[in-house]
Amino acid sequence: MQTALYELCWQGVQGHLKLDLASSVLGDMMELREDMASILADVFSILDIETSAMEEKHRRENYTQLVGACLMFVPEVILKERLDPDTLESLGLIKQAHQFNQKIVKIKTKLFYKQQKFNLLREENEGYAKLISELGQDLSGNITSHVVLESIKSLIGCFNLDPNRVLDIILEVYEGRSDQDHFFLSLIKSYMCEPLTLCHMLGFKFKFYQEPNEETPRSLYHIAAALLHHNLVELEDLYVHLLPQDVSIVEEHKKEIQEAKQIARKLVMVVVPSEKSEDKDKEKEEEKNDKPPDNQKLGLLEALLRIGDWHHAQSIMDQMPSFYATSHKAIALALCQLVHLTVDPLYRRAAVPKGAKGRVLRPLRSRRTPRPAESFEDLRQDTFSMLCYLGPHLSHDPILFAKVVRLGKAFMKEETLLSCFLSIADQVLLPSLSLLECNACLSEEVWGLFKLFPYQHRYRLYGQWKNETYSSHPLLVKVKAQTIDRAKYIMKRLTKENVKPSGRQIGKLSHSNPTILFDYILSQIQWYDNLIGPVVDSLKYLTSLNYDLLAYCIIEALANPEKEKMKHDDTTISSWLQSLASLCGAVFRKYPIELAGLLQYVTNQLKAGKSFDLLILKEVVQKMAGIEITDEMTSEQLEAMTGGEQLKAEGGYFGQIRNTKKSSQRLKDALLDHELALPLCLLMAQQRNGVVFLEGGEKHLKLVGKLYDQCHDTLVQFGGFLASNLSTEDYIKRVPSIDILCNKFHTPHDAAFFLSRPMYAHQILSRYDELKKGEKGSRQQPKVHKYVAACEQVMGPVHEAVVSLHPPRVWDDLRPQFYATFWSLTMYDLAAPHTAYEREVNKLKVQIKAIEDNPEIPVNKKKKEKERCTALQDKLLEEERKQLEHVQRVLHRLKLEKDNWLLAKSTKNETITKFLQLCLFPRCIFSAIDAVYCARFVELVHQQKTPNFCTLLCYDRVFSAIIYTVASCTENESRRYGRFLCCMLETVTRWHSDRSIYEKECANYPGFLTIFRATGFDGGNKADQLDYENFRHVVHKWHYMLTKASVHCLETGEYTHIRNVLIVLTKILPCYPKVLNLGQALECRVHKICLEEKEKRPDLYALAMGYSGQLKGRKAHMVPENEFHHKEQPASRTALGGQQNGPLASKAPASKTEDPGAEDGDRGKDKTAGTTKPVNKANSTTTKVTTSNGNSAPNRSVSAP
């Protein structure tokens, strides 16, 4: 319609249509709609603007004529509203355009800018007095806001009062009577027409209090909060009237952080006392001058929280930096009260402890108050967000802190919404704990919640708390600095004498900020290991949460990537790691700390191919289980270690093992609960070779040896712990069969049998007991047969399993039964250490007598000690009896088995080679007890008159070529190998010492044959036996070969050779050297080492000096060669002339034994010195001549340091 009218008029203006015709058409159109005149006036207004800007005057004239023609049906009033004054003047509707414009300005000024004169308060106060009396009357009766509003309207009309001023007085009275919210809010809601007017009035009131030294009254905050709460004003409109500006708040927050960091730096820095006093004076002056300005936004926020308007309060807090608002105590307490009200129903239903009553809380009667939580799901709506806004300032309300923790505990029992409470713990609970002052009860409450989490979740929380939380807020920055300062003060004064008072101070400090305290303590221990004892004793006042945190801090310190685990010389483990390992052992033994995290850390390190941290596991097992691993055992200790568990505990260790029952149980439980027992064993077994071939590529040879020894010793120690502490069912359930261990998990055979051995013993005893119960018989003979039957049932599958461990040709000489028997038995099975039992029993008797003779001991204590010693004595005697019976059963079993042990399908030489390679040498360097076992087992096999076993050849191969074995050993392996050689030499020396002993134990034994034939050869000829004098020649030859090998190693100049041979020589000193000239040759070479290594390698010098001193002390026991054996050999010797390389092939002519090291020609023959060829000519061409001693140990390449 508008477009059509415009086109019609435009045609008339341009002259295309006659004006009278156009006006008549427009007149006819007026009847179409009621508002047609207004529409046409709009079209005329547009054309007015367009034609006034045109240069063609005829068009303007046409427009004027057209409008004039339409005056008949378009009212003048409408045209005066729409058209320009000049156009109106040309139409004759107004006289003068100029006057018309002036009149418009006057009317607008009167309408919009001139204020109506109302009666003001200072002019006429009667109306306002009546108004105030109306508002101030007693509202307890039937007075309603509607009645009062009607009275107010009458007063406004009667006294001509200013409505805005009336509203202002209503607000003033409301401010004075802020308890009458319901009345005044309904009155204002009825009275007010525009919210913006009310907002401006409130803003004006707030502005009045923004002057210096003015304080905004709490009542004004309250009415503003109430008006916001009931949507009578908008927060966005009111917020702009409040001071300070948001930019100022952000700057203030940044300034607080900077000041906190500056204070922290001052506490860390060393300050001269005079400077300290100056700083304190400055701080006092600043405190006097600086008065914090009144923050109206925070005041309004507090008022909103008081009335429960969380929605608006949250909006204000979102405008501010994190935790800025709640850092003000009043706001934090108001928010805490709101949280109290929200969680109260759920807390009373699910989390109130037994016997607790609790304070009754009155709920807020407000429609916008957060809904009270009835279930844990309701907490997600508002409670968790309110707690997150509180953050560390929950510390202002310890009661609410405890409520939240207890809700968490109840939640963990009922629900599965774990992530919410983990976030609350991270953002609220732990930071708040940092700001609490020494509250041990809340620390225990937190532990009640945290112990329900897996240690992985706990450690993540601890990591966040320690490394990130303390930098998030100025208060926490200050607290961290103060904690470090206080920790320094305590640690400087900590000694053995003041452990108790210092421990109390540490306990108090740890309740709030344990991570910072422990971090500093651990840093001190890493520098000063003499602090370990006092620190461990002083930790007895910690809470359970603090103990768990201590474990985390220790693991974090161990895993510090910035710390080098080797010393600068790259040959030894760093002292800080050794200190932390010692601390771990002591702390975890003494206090009930969860071990899972530490054990998992060690496991992860082993998975990553790092063996340094095995030192920790070694210390923990030693301290918690009382199992020591040392190769420096005395002979008495070693003898005690071959007995039962009670004898081991009493006589097998350097220190008395006391009170390890609980700690052993804790360690066992941690391993079983987290399934770490077998993985640790397997990883350690695999890591031994990993140390050499993977981990030790660029490391110093000395360090590689130490790491290998540490890995091996820890494996032995840990395996011993599992064997003695795990029940039979637990052990068997976790340790797989020997073939799976070796083939699937690639466990070395010696380690695999070490782990399986206790399982076999458990199974045999269990089966034996079952058989005994099945057929009750009192005679010994049936019991022995039952034991043999039990062994066959248990070991039968093992015999089949071991076949897969080696190539088929191995089993041509050794039977799987013999192989399995050798690896499954221990010294406990071969002999009962009667001397050790007797020694410990005598010690107890002496102890009982000493107790009786001591008058200072009270009677009750004396009685208890005597009972303890007597009970221990009885236990030892009973244990010895059981072991004796067990040994007899084992020996009977071996006697039945021995005929099927060795097949010797090739030669006895090959049989002995395989026995040495696969059995003797791998096991003799496994542990000190295994070294003794190997020597005793060889003797036992000899005593059993085992077919196809040549004792003489076995000893010859052991003694004749030790160079390769010695060179390939680590330091600890050298000690074990030396102990093995010493035991072997003891047996040989005993046989050598007396003809009657030799005749009794060797003369008619198959192990001392001097002519060896292949199994398939015609055995009709009677074998020759070695007589006593020839045996003495052979022993001299072995002593000579030992001397020659030792001198060779000493002259190589290589670190490993010299160190190892000195260790071996020290170990075999009781039995070697016995011949004076061999001893002199050794003494000469060792003296030379002392001179050469004094400045170059002090550790070799110390070893050489130690051995040299002991060697000189043994000179009195040495004999000349002619006393050791007769140089003129008897006539029977000629019958053995065809034997060149056997034990009788003398390599030690009398004229050349004074200095074996001088024989350069002999050095090249060492490789064949230990081989033995059979006499049988027919078979000599097919017999393989072995050029090494058959040791499987030399698989590790060794080079000089």
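Per an unreviewed UniProt entry, the recorded name for the chain is THO complex subunit 2, and the organism is Gadus morhua. As recorded by UniProt, the Sequence similarities (unreviewed entry) comment attached to the chain reads in full: "Belongs to the THOC2 family."

1. Considering the pattern of salt bridges
A side chain of one charge can pair with a side chain of the opposite charge when the charged atoms of the two come close. Applying the stated criterion across every chain yields a total of 51 salt bridges. For aspartate 344, the salt bridge goes to lysine 403, with nearest N and O atoms at 3.9 Å. Note that aspartate 344 is positioned in helix 19 (residues 329-350) and lysine 403 in helix 21 (residues 398-414), a separation of 59 residues in sequence. You'll find aspartate 344 and lysine 403 in the same group, each marked buried. For the salt bridge of glutamate 897 with arginine 893, the shortest nitrogen-to-oxygen distance reads 3.0 Å. Taken together, the residues span about one helical turn, with glutamate 897 and arginine 893 both in helix 45 (residues 859-897) at a distance of four residues.

2. What to know about unusual backbone geometry
With omega at 0°, the peptide bond leading from leucine 243 into proline 244 counts as cis. Turning to its location among the elements, proline 244 is positioned in the loop between helix 14 (235-239) and helix 15 (246-268). Cis geometry marks the peptide bond from tyrosine 1072 to proline 1073; its omega dihedral reads 0°. You can see proline 1073 is positioned in the loop between helix 53 (1055-1067) and helix 54 (1076-1096). Phi at phenylalanine 323 takes a positive value of approximately 60°, unusual for a residue other than glycine. Inspection of the secondary structure puts phenylalanine 323 in the loop between helix 18 (310-318) and helix 19.

3. Considering a positive patch on the surface
A contiguous patch of positive charge on the surface is contributed by Arg486, Lys492, Arg493, Lys500, Arg504, Lys508 and Lys540. Of all the elements in the fold, those that place two or more residues in the positive patch are helix 25 (474-493) and helix 26 (499-512).

About the criteria used
- Residues numbered from 1 in each chain as written.
- Predicted model: local features only at pLDDT ≥ 70, side-chain atom pairs only at ≥ 80, totals over all residues.
- Heavy atoms only, no water.
- UniProt positions renumbered as here; feature names shortened; annotations may be inferred.
- Salt bridge = Lys/Arg side-chain N within 4 Å of Asp/Glu carboxyl O.
- Helix = DSSP H or I, 4+ residues; strand = E, 2+ residues; numbered from the N terminus.
- Buried < 20%, exposed > 50% of the residue type's maximum accessible area, 1.4 Å probe, protein only.
- Patch = residues over 30% accessible without salt bridge, like charges linked within 9 Å, V, L, I, M, F, W, Y side chains within 5 Å.
- Areas by Shrake-Rupley, 256 points an atom, 1.4 Å probe, with all protein chains shown as cover.
- Lys, Arg positive; Asp, Glu negative; His and termini not counted.
- Charge placed at Lys NZ, Arg CZ, Asp CG, Glu CD.

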